[in-house]
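Below, each chain spelled out in residue letters.
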Amino acid sequence: MSIGERTLVQDLPFARASAVGFVAATGSSKGIIALAGVNLGNISFANGWALLEAGALGTDAPPTFAQITSNTATTVTPSAALSAVPASGYRVWFYAENTINVVTSENVAQVGGVTVPTDGAGDPALPVLSAGTRKTILFASIDVSASGSSPIIAAPTNGTAIKIVHLTLQNAGSTATNVEVLNGTTSLNGTGYALTANGGGYSFDAPGGPGQGVIVLSADTALQLNLSAASQVNGWVLYYEE
C-alpha cells in the first residue's frame with residue numbers, strides 16, 4: 001500500500017461520507033459487499049470508494065478501502081477482490097466520486113444558468129449567494145422505545161415540507177431493531193436501518209449540505225420513526241422546512 005493510499009485510509013473516516021451502512025448477514029463474498037441498514041437507491045458510486053471498518057476482513061484487519069466498480073441499492077462490487085469475505089455487522093462508509101473535467105479554457109459567465117455578478121473591475125465576485133438561499137436549520141431529538149410508529153417532527157401546516165440534512169440513530173437497548181424513516185406513514189428506507197443491540201447505530205449526512213441530497217418529505221407531512229421491536233433508540237435530526 002502506498003503512502004497516498006495509507007493517507008486516504010486515515011482521512012476517509014473523517015470526511016463527509018455520502019452514505020453509511022453495515023455488511024449484511026448474508027450475500028457477501030470477496031467480490032461483493034452485501035449491505036444492510038442503508039439503501040443506495042439509484043445513486044451510482046462507480047469510481048467512488050467503500051471503506052470497511054477495522055476488523056471487517058479479519059480480527060486484526062485495519063480499515064480497508066476498495067474502489068467501487070458498480071453498485072445496486074443493496075450491493076457494492078469492488079474493482080478488485082477483497083482479501084476476505086467481509087463479516088456481517090461491520091460498518092461501511094461510501095464516498096461518491098466528485099470530478100470536474102476541464103477540456104478547454106472557458107470564460108465562466110454563468111453558473112447553473114445564473115449570471116455571475118462582477119465587481120467594479122469586471123471580475124467574478126464569488127461566492128454567489130442569492131437572496132433566500134440561506135436555510136434555518138432546526139433540531140429535533142429522538143427518544144423512542146416502543147415498537148411501531150412514533151412522531152418525531154410534527155407536520156408543517158403552511159404547505160412546506162420537512163427536508164432532512166442530518167440523521168443520527170443509536171440503539172441503546174438490548175434488543176436489535178429495524179428503524180424505518182416514515183414520510184407520514186410511508187417508509188422511505190424499505191424495511192428500515194438494522195440497528196444491532198447495545199449500541200448499533202446509523203448516521204446520514206446530506207452530501208452537499210442544505211439543498212443538495214437531503215431527504216425530502218411530502219408537503220404538510222410529519223416525520224415518524226417505526227421500530228420493528230421495542231428498544232431504546234436515541235438520536236437527533238437536523239432539518240429545515242421549505
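Residues numbered from 1 in each chain as written. Predicted model: local features only at pLDDT ≥ 70, side-chain atom pairs only at ≥ 80, totals over all residues. Heavy atoms only, no water.

A.B. asks: Please provide a residue-by-residue account of the sheet that holds strand β6 (residues 91-95), values included.
C.D. replies: What the six strands build is a closed barrel, ordered β1-β2-β5-β4-β3-β6; its pairing is antiparallel. Strand after strand, the sheet turns through a mean of 45 degrees between neighbouring axes, direction not considered. In this structure, strand β1 (residues 19-23) lies alongside strand β2 (residues 33-36), joined through two bridges in antiparallel fashion. From the neighbouring strand, valine 23 faces β2, where its bridge partner is leucine 35. (Pairing = 2+ DSSP bridges. Helix = DSSP H or I, 4+ residues; strand = E, 2+ residues; numbered from the N terminus. Axes fitted to C-alpha atoms, helices over the stretch in contact; angles between N-to-C directions.)

A.B. asks: With reference to specific residues and values, describe the side chain of asparagine 183.
C.D. replies: Here asparagine 183 shows up in strand β12 (residues 177-183). Classification of asparagine 183 as buried rests on a relative accessible area of 15%. For asparagine 183, the contacting residues outside a window of four places in its chain are Leu188, Leu217, Ser218, Thr221 and Ala222. (Buried < 20%, exposed > 50% of the residue type's maximum accessible area, 1.4 Å probe, protein only. Contact = heavy atoms within 4.5 Å.)

A.B. asks: Explain the pattern of salt bridges residue by residue, including any values.
C.D. replies: Inspection of the entire model under this criterion finds two salt bridges. Lysine 163 is the partner of glutamate 242 in a salt bridge, and the nearest nitrogen-oxygen pair spans 2.8 Å. Here the residue glutamate 242 occupies a position in the segment after β18 (233-241), and lysine 163 occupies one in strand β11 (residues 161-171), the gap between them amounting to 79 residues. Taking relative accessible area as the criterion, glutamate 242 reaches 40% and is therefore assigned partly exposed. (Salt bridge = Lys/Arg side-chain N within 4 Å of Asp/Glu carboxyl O.)

A.B. asks: Any chance you could break down the layout of surface pockets for me, citing the residues and the numbers?
C.D. replies: Space inside the largest pocket adds up to approximately 510 Å³. Around the largest pocket sit 21 residues that line it, and Asn39, Leu40, Ile43, Phe204 and Ile215 are the ones nearest its centre. Residue assignment for the lining of the largest pocket shows that the elements contributing at least two residues are β15 (201-205) and β16 (215-219). Residues belonging to the lining of the largest pocket are distributed by class as follows: 15 nonpolar, six polar and no charged. (1 Å grid on protein atoms, 1.4 Å probe; cavity = no way out; pocket = protein on both sides within 12 Å on 5 of 7 lines; lining within 4 Å. Points joined across faces, edges and corners; volume = space filled by probe spheres on them. Nonpolar A, V, L, I, M, F, W, Y, C, P; charged D, E, K, R; others polar.)

A.B. asks: Lay out the confidence of the model for the protein with the relevant residues and their values.
C.D. replies: Of all residues in the protein, 74% attain a pLDDT of 70 or more, and the chain-wide mean is 77. Within the protein, helix α1 (residues 3-11) has the poorest average pLDDT of any element, 41, and strand β17 (residues 223-227) the best, 96. Counting interchain partners and residues more than four positions distant, the pLDDT-below-50 stretch residues 98-108 has zero contacts. (pLDDT = per-residue confidence, 0-100.)

A.B. asks: Would you mind going over the nonpolar core in detail, with residue names and values included?
C.D. replies: Counting 46 residues, the largest nonpolar core has Phe94, Leu167, Leu169, Leu223 and Val237 as the members making the most contacts within it. Of the residues forming this core, the biggest block, five residues, is contributed by β11. Once residues lying within four places of it in the same chain are set aside, the contact partners of leucine 223 are Pro151, Ile152, Ile153, Ile162, Ile164, Val181, Leu182, Leu217 and Val237. Among the nonpolar cores identified, the runner-up in size contains five residues, and Val20, Phe65, Trp93 and Tyr95 belong to it. (Core = buried A, V, L, I, M, F, W, Y, C linked by side-chain atoms within 4.5 Å.)

A.B. asks: Account for the packing of aromatic side chains, with residues named and values stated.
C.D. replies: The way to describe two aromatic rings as a pair is by their centre distance and the angle between their planes. In the structure shown here, the tally under the stated rule is two aromatic pairs. When the ring of phenylalanine 45 is compared with that of phenylalanine 94, the centres are 5.9 Å apart and the planes differ by 55 degrees; the resulting orientation is tilted. Residue phenylalanine 45 is located in the loop between β2 and β3 (49-52), and its partner phenylalanine 94 is located in strand β6; the two are separated by 49 residues in the primary sequence. The exposure classification of phenylalanine 45 matches that of phenylalanine 94, with both residues buried. Aromatic side chains tyrosine 193 and tyrosine 202 sit 3.7 Å apart centroid to centroid with 15 degrees between the ring planes, which places their arrangement in the stacked category. Across the pair, exposure class does not vary: tyrosine 193 and tyrosine 202 are buried alike. (Phe/Tyr/Trp six-rings, centres within 6.5 Å; stacked < 30°, edge-to-face > 60°.)

A.B. asks: So what's going on with the side chain of glutamate 180? Residues and values would help.
C.D. replies: With respect to the element layout, glutamate 180 can be found in strand β12. For the buried glutamate 180, which has no salt bridge, the nearest side chain bearing the opposite charge is arginine 91, at an N-O separation of 22 Å. There is a polar contact of 3.4 Å between the side chain of glutamate 180 and the side chain of serine 187. Once residues lying within four places of it in the same chain are set aside, the contact partners of glutamate 180 are Ser187, Asn189, Gly190, Thr191, Gly192, Gln224, Leu225 and Asn226. (Lys, Arg positive; Asp, Glu negative; His and termini not counted. Polar contact = N/O pair within 3.5 Å; in protein donor to acceptor, adjacent residues only side chain to side chain.)

A.B. asks: Outline the pairing of β2, supporting the account with residue identities and numerical values.
C.D. replies: As paired strands, β2 and strand β5 (residues 75-78) are joined by two bridges and run antiparallel to one another. Considered in β5, the bridge of isoleucine 33 is made with valine 76.

A.B. asks: Lay out the pairing of strand β4 (residues 64-71) in plain terms, naming residues and giving numbers.
C.D. replies: As paired strands, β3 and β4 are joined by four bridges and run antiparallel to one another. Within the sheet, the bridge partner assigned to tryptophan 49 lies in β4 and is glutamine 67. Counted along the chain from β4 to the antiparallel partner β5, the turn is three residues long.

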